[in-house]
Amino acid sequence: MRDLDGFDEFYGATGRRVVAQVYAMIGDLAEAEDAVQEAYARAWRRWDTVSEFADPAAWVRVVAYRIAVSSWRRARRRLAAYQRAGPPAEVAELNPDTVVLVAALRRIPAAQRRDIVLHHLVGLSVRQVAEETGSTESAVKARLSRGRQALATLLANDDWAEVGR
Amino acid sequence: MSEQLTERLASLEADVRNAVRLAPADVVRARGDRRWWSTRAFAAIVAVVAAGGLGVGGVAINVGARPDPSTALPAGFEMPHEGERGWVRDDDRAAAVAFNPCDKPDVTQDGRVAARTMTGRAFPDDPYPVQLIQQLLLYADENAARDAMAGLRAWTTHDPAGECGWIGGVYRGPHDLGPEVLWSGTQVPGAGWRDALVARYGRAVYVLRAAGTVAGTPYNEDLDSTRVVRERLCAQLSICVLARTAPPPTDPGPGPEPAPSWWDFLQTPHATPYDPWDNLNPNPNPTPT
């Protein structure tokens, strides 16, 4: 018997945070919301297993990201969402700083964007980022450095380009 | 300082958390349960049909039973790259076809009984990796696969001056991938090349989809994956197709004559097409071609 209360508590405590993280990675809030909810639905299907993980939210985040960047799933999800609810609702009101930052993030390569979000927003170490993305620490460091430099240029703030944290 | 980036991202998170509209937990759980039951219901229906039909008395519905082997990929069947780092497998039978350049209604769904889609990168450590989708679509019979192939053929030979900008025809090498193989490709100005290869082997259709940023980036090993899939279809599903001979046993349909060569075509820019890969930014250091 799956732990219903445990799942609800987990979803309530982590759902919004994971949406924010995936949104920063992909740059589309509606897509992030739908991908994250699908990921939680999948987590619920195997909750007995997922709940035993050291960090179930990390599992959800990885699954949600994969769902979000999977183009054919994205197209199918849009169609399904449209059939469920009609045309998309108005975009949520976001702070202009958020919009500017996300626009800049969207202009750098996806791998750099993901690493930056995992490192600077989620708070993972370089090693943990490498584990989550199936990469190497040196590659992550390089992408972080390049990503910060690119963001610094885009946002006209050279301070961000410094390497390391 | 990078702390400033961290702070700004933290502000983003706080802002987004207030704006997020998430469904209640019971709705999310119901969504998960619905998929769980639909999967098992499909398996149960297949089990019943395999056991002799719905009208036969005494047939128990075995929830969670394995599907009829004739309508599914066998347990040991593996696509190239399975288990490799960075590759994701999806066995969704209704997965959208990986090659749909004009974003039209999916012509490959009717009669489909199984599918496997592999997504990953050729040369993951290369600074210019090639994004790949390898997709095997299995049909109930050869006619259904032929119908799907006919739809895909129309897409692969699309007029380059048209809305989608893809062009292709009969695949003529360098690999011998079978008698009914088509290819199509396009250039996306400033973003690189995209191409696709579609092959039919009996009641199976195989789609290879590739996207790269640098013209001429080789992925011959992954073209050869088509041959590997064909061999496994023969060995494990008894879908055996002879190597290509002249003339081809199946009419490949209309196509440009003579077809442009694979690599020559990739050097030629065409109209900007629809492309589902464009948002993936496959290259960490994009260099316009």
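These numbers come from a predicted model, not from an experiment.

## As for the overall build of chain B
Of the regular secondary structure elements, chain B holds five helices and seven strands. Along its sequence from the N terminus, chain B presents helices and strands in the succession α-α-β-β-β-α-β-β-β-β-α-α. For chain B, the proportion of its 289 residues judged to be buried stands at 48%. For chain B, long-range pairs separated by at least 24 residues make up 68% of all intrachain contacts whose partners lie at least 6 apart in sequence. In the form shown here, chain B has an accessible surface area of approximately 13000 Å², with 55% of it arising from carbon and sulfur atoms.

## What about a negative patch on the surface?
All names here are of chain A. Taken together, the side chains of Asp3, Asp5, Glu9, Asp48 and Glu52 define an acidic patch exposed on the protein surface. Relative to the helices and strands, Asp48 resides in helix H3 (residues 47-50). Classification of Asp48 by relative accessible area gives partly exposed; the value is 44%.

## Observations concerning helix H1 (residues 4-26) of chain A
Along an α-helix, a turn takes 3.6 residues, which lines up residues three or four apart on a common side. Residues and elements named next belong to chain A. The largest bend along H1 measures about 45° and falls at Thr14. The N-cap of H1, judged by a side-chain oxygen 3.4 Å from the amide nitrogen of Asp5 a few residues on, is Asp3. Following H1 by one or two positions, Gly27 has its phi on the positive side, about 80°.

## A closer look at helix H8 (residues 126-133) of chain A
Residue and element names in this part refer to chain A. All of the buried residues along H8 are Val126, Val129, Ala130 and Glu132. End-on, the buried residues of H8 take up no more than an arc of 165°, which puts them together on one face. Exposed residues pointing more than 90 degrees away from the buried face of H8 are listed as Arg127 and Glu131. As for H8, its buried residues are in contact with helix H4 (56-69), helix H7 (110-122) and helix H9 (137-155). Note on H8: the residue one or two positions beyond its end, Gly134, has a positive phi of about 65°.

## Re the environment of Ile133 of chain B
The residue Ile133 of chain B is located in strand S3 (residues 130-139) in this model. Separated by 75 residues in the primary sequence, Ile133 of chain B and Leu208 of chain B have C-alpha atoms spaced 5.8 Å apart.

## Things to note about the pairing of strand S6 (residues 192-201) of chain B
All names here are of chain B. The buried fraction of S6 is high, at 10 of 10 residues. In this sheet, S6 lies alongside strand S5 (residues 181-188) in antiparallel orientation, the contact comprising eight bridges. Opposite Gly185, over in S6, you have Asp195 as the bridge partner. Hairpin geometry of S5 and S6 is characterised by an intervening segment of three residues between the two adjacent antiparallel strands and by a positive phi of about 80° at Gly190. Strand direction decides the pairing type here: S6 and strand S7 (residues 204-212), joined by nine bridges, are antiparallel. Looking at S7, one finds that Arg200 is bridged to Val205. As consecutive antiparallel partners, S6 and S7 are separated by two residues, and within that stretch Gly202 has a phi angle of approximately 60°, a positive value.

## Here we look at the packing of H1 of chain A against helix H1 (residues 2-19) of chain B
Two quantities define a packed helix pair, namely the angle between the axes and the distance from one axis to the other. The contact between H1 of chain A and H1 of chain B brings their axes to 8 Å, and the two run at 120°. By the angle class used here, H1 of chain A and H1 of chain B are oblique. Of the two elements, H1 of chain A crosses H1 of chain B, and the hand of that crossing is right-handed. Packed against H1 of chain A, whose contacting residues are Arg16, Arg17, Ala20, Gln21, Tyr23 and Ala24 of chain A, the element H1 of chain B presents Leu12, Glu13, Val16, Arg17 and Asn18 of chain B at the interface.

Basis of the calculations
- Residues numbered from 1 in each chain as written.
- Chains lettered and ligands numbered in written order.
- Predicted model: local features only at pLDDT ≥ 70, side-chain atom pairs only at ≥ 80, totals over all residues.
- Heavy atoms only, no water.
- Helix = DSSP H or I, 4+ residues; strand = E, 2+ residues; numbered from the N terminus.
- Buried < 20%, exposed > 50% of the residue type's maximum accessible area, 1.4 Å probe, protein only.
- Contact = heavy atoms within 4.5 Å.
- Areas by Shrake-Rupley, 256 points an atom, 1.4 Å probe, with all protein chains shown as cover.
- Patch = residues over 30% accessible without salt bridge, like charges linked within 9 Å, V, L, I, M, F, W, Y side chains within 5 Å.
- Salt bridge = Lys/Arg side-chain N within 4 Å of Asp/Glu carboxyl O.
- Lys, Arg positive; Asp, Glu negative; His and termini not counted.
- Charge placed at Lys NZ, Arg CZ, Asp CG, Glu CD.
- Bend = angle between axes of the 7 residues up to and from the residue.
- Polar contact = N/O pair within 3.5 Å; in protein donor to acceptor, adjacent residues only side chain to side chain.
- Arc of directions from axis to C-beta.
- Pairing = 2+ DSSP bridges.
- Axes fitted to C-alpha atoms, helices over the stretch in contact; angles between N-to-C directions.
- Parallel < 35°, antiparallel > 145°, perpendicular 65-115°, else oblique.
- Left-handed = near helix turned anticlockwise from the far one by under 90°.

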